[in-house]
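# Structure at a glance
Spelled out from the first residue to the last, the chains are:
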Amino acid sequence: MKPNEGIASWLVLLLAVMAGVSVANLYYCQPLLNLIREDMGLTEFQVNLMPVFTQVGYALGLLFIIPMGDLYNRRTTIFTCFSCLIVSLLSIALTHNVWLLLLASLVTGFCSVAPQVFMPFVTLYAKPEQKARKAGFILSGLLTGILGSRVVSGYMGSITGWRVIYYAAAVAIGISALVILKVFPNVEPTYKGKFRTLMASIITLVKKYPLSVLYSVRSGLTFGSILGMWACLAFRMKEAPFYQGSDVVGMLGLCGIAGALTASNVGRYIPRFGVEAINRFGAFWVIVAWVIMGVFHDTYTGIILGVIL
């Protein structure tokens, strides 16, 4: 394959599905926090460390694994991540020790960065006029996995217990690993230097593109906003006036899928309105969502509308 040569639509669709399956591992725990706490005899503080460790691992994976896509064979990198994911997911499913739970959560986050390898791969090799649309498909798969994971884990957790979802996740990642070996192109790496030099180039890029710092902070605040909401929602729905379990918390994830489905179409508006206008528009509605949930926090209407926005 050569840059800008084009990628088959079926491959992009397959990568989008695997992106969703991979990133879902970060969020299965959120509707299940009460169930995990009760089953393992943990405090709310201890069990809330599980999503924290997962996200810390994810951040470290973005920092150290993603650059390897330029240094090493992408197919090998993704397959290695998936293999480690199988071990960490099974460890979460089997453990009764809080420290092993947190360590496995850290590894799960660290190795769930495969979608971020898919994104630059698609944007590099897709035809110029198709880059935004095909990258949007990957992003849609990513966001659908984020939101759909909560629905699946919340529903399954209320029926089968919380451990079953992690066994199922390990199987799904195992299938994805086999698919990667079968269909992912064997593209040679584009960078010929050392890992140390590659990591140092990040500093050079930040100096050359100072706006990347602004975009990173903006993305972090927005992502942290939605993660904060989901981390608290399981405990909020357990209290008055709702008294609901993990199944209802998971079902609220369906409200957020509306946002994920718009992601594939956002790219087409960037040339017309610009990145800053799109970002301001999105940031405005995030603020509105929090105001609505703050004022109407005792009603399903307020929470559902907030999640959708």
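Everything in this summary refers to the structure shown in the same document. (Residues numbered from 1 in each chain as written. Predicted model: local features only at pLDDT ≥ 70, side-chain atom pairs only at ≥ 80, totals over all residues. Heavy atoms only, no water.)

### Points about the overall build of the protein
Looking only at helices and strands, the protein features 16 helices and zero strands. Over its C-alpha trace the protein gives a radius of gyration of 20 Å, about what one expects of a compact globule, namely 19 Å for 309 residues. For the protein, the spread of C-alpha atoms along the three principal axes comes to 55 × 45 × 35 Å. Classification of the 309 residues of the protein by burial places 42% in the buried group. For the protein, long-range pairs separated by at least 24 residues make up 80% of all intrachain contacts whose partners lie at least 6 apart in sequence. Per element, the accessible surface of the protein, about 15,300 Å² overall, is 71% carbon and sulfur. The centroid of the 22 positive side-chain charges in the protein is displaced by 13 Å from the centroid of its 11 negative side-chain charges. (Helix = DSSP H or I, 4+ residues; strand = E, 2+ residues; numbered from the N terminus. Rg over C-alpha atoms; globule rule 2.2 N^0.38 Å. Buried < 20%, exposed > 50% of the residue type's maximum accessible area, 1.4 Å probe, protein only. Contact = heavy atoms within 4.5 Å. Areas by Shrake-Rupley, 256 points an atom, 1.4 Å probe, with all protein chains shown as cover. Lys, Arg positive; Asp, Glu negative; His and termini not counted. Charge placed at Lys NZ, Arg CZ, Asp CG, Glu CD.)

### Notes on the side chain of Gln55
Assignment of secondary structure puts Gln55 in helix H3 (residues 44–64). Not counting residues up to four positions away in its chain, the partners in contact with Gln55 are Leu26, Tyr27, Phe223 and Leu227.

### With respect to the nonpolar core
Counting residues in each nonpolar core, the largest one holds 58 residues, and the members touching the most others are Leu15, Ile36, Phe118, Ile138 and Tyr166. Once residues lying within four places of it in the same chain are set aside, the contact partners of Tyr166 are Tyr28, Cys29, Met50, Leu89, Ile92 and Ala93. (Core = buried A, V, L, I, M, F, W, Y, C linked by side-chain atoms within 4.5 Å.)

### Quick word on helix H15 (residues 275–295)
With 21 residues, H15 should reach 30 Å at 1.5 Å per residue; the first-to-last C-alpha distance of 31 Å fits that figure. Along H15, the residues classified as buried are Ala289, Ile292 and Met293. For H15, the angular spread of buried residues about the axis comes to 95°, placing them on one side. Opposite the packed face of H15, turned more than 90 degrees from it, sit the exposed residues Arg280, Ile287 and Val295. Elements in contact with the buried residues of H15: helix H11 (211–238) and helix H16 (300–308). (Expected span 1.5 Å × (residues − 1). Arc of directions from axis to C-beta.)

### So, the pattern of salt bridges
Within the structure shown, the criterion is met by five salt bridges. We note a salt bridge from Arg218 to Glu276, for which the minimum N-O separation is 3.4 Å. Here the residue Arg218 occupies a position in helix H11, and Glu276 occupies one in helix H15, the gap between them amounting to 58 residues. The salt bridge involving Glu239 is made with Arg236; its shortest N-O contact spans 3.6 Å. Overall, the relative accessible area of 44% leaves Glu239 in the partly exposed class. Connected via shared salt-bridge partners are Arg236, Glu239 and Asp298. (Salt bridge = Lys/Arg side-chain N within 4 Å of Asp/Glu carboxyl O.)

### As for unusual backbone geometry
Of note, the bond from Ala240 into Pro241 is cis; its omega dihedral lies within 30 degrees of zero at 5°. Along the chain, Pro241 falls in the loop between H11 and helix H12 (246–251).

### Thoughts on the packing of aromatic side chains
Here a ring pair, both rings aromatic, is described through the centre-centre distance and the interplanar angle of the planes. Evaluation of the coordinates by the stated rule reveals nine aromatic pairs. Seen in terms of ring centroids, Phe118 and Phe184 are 6.2 Å apart; in terms of plane orientation they differ by 35°. Their pairing is tilted. With a gap of 66 residues between them, Phe118 in helix H7 (residues 114–125) and Phe184 in the loop between helix H9 (163–183) and helix H10 (195–208) connect regions that are remote in the sequence. Accessibility expressed as a relative area gives 2% for Phe184, which makes it buried. For the ring pair Phe281 and Trp285, a centre distance of 6.4 Å and an interplane angle of 70° mean the geometry is edge-to-face. Taken as a pair, Phe281 and Trp285 lie in helix H15 at a separation of four residues, close to a single helical turn. (Phe/Tyr/Trp six-rings, centres within 6.5 Å; stacked < 30°, edge-to-face > 60°.)

### Digging into the packing of H3 against H11
Interaxial distance between H3 and H11 falls to 12 Å at its minimum, and their mutual angle equals 150°. By the angle class used here, H3 and H11 are roughly antiparallel. Here H3 and H11 pass one another in a crossing that is right-handed. Judged by residue contacts, Glu44, Val47, Asn48 and Gln55 of H3 engage Phe223, Leu227, Ala231 and Phe235 from H11. The residue makeup of the contact of H3 with H11, split by class, is five nonpolar, two polar and one charged. (Axes fitted to C-alpha atoms, helices over the stretch in contact; angles between N-to-C directions. Parallel < 35°, antiparallel > 145°, perpendicular 65-115°, else oblique. Left-handed = near helix turned anticlockwise from the far one by under 90°. Nonpolar A, V, L, I, M, F, W, Y, C, P; charged D, E, K, R; others polar.)

From the geometry alone we can't say anything about function, so treat these as descriptive.
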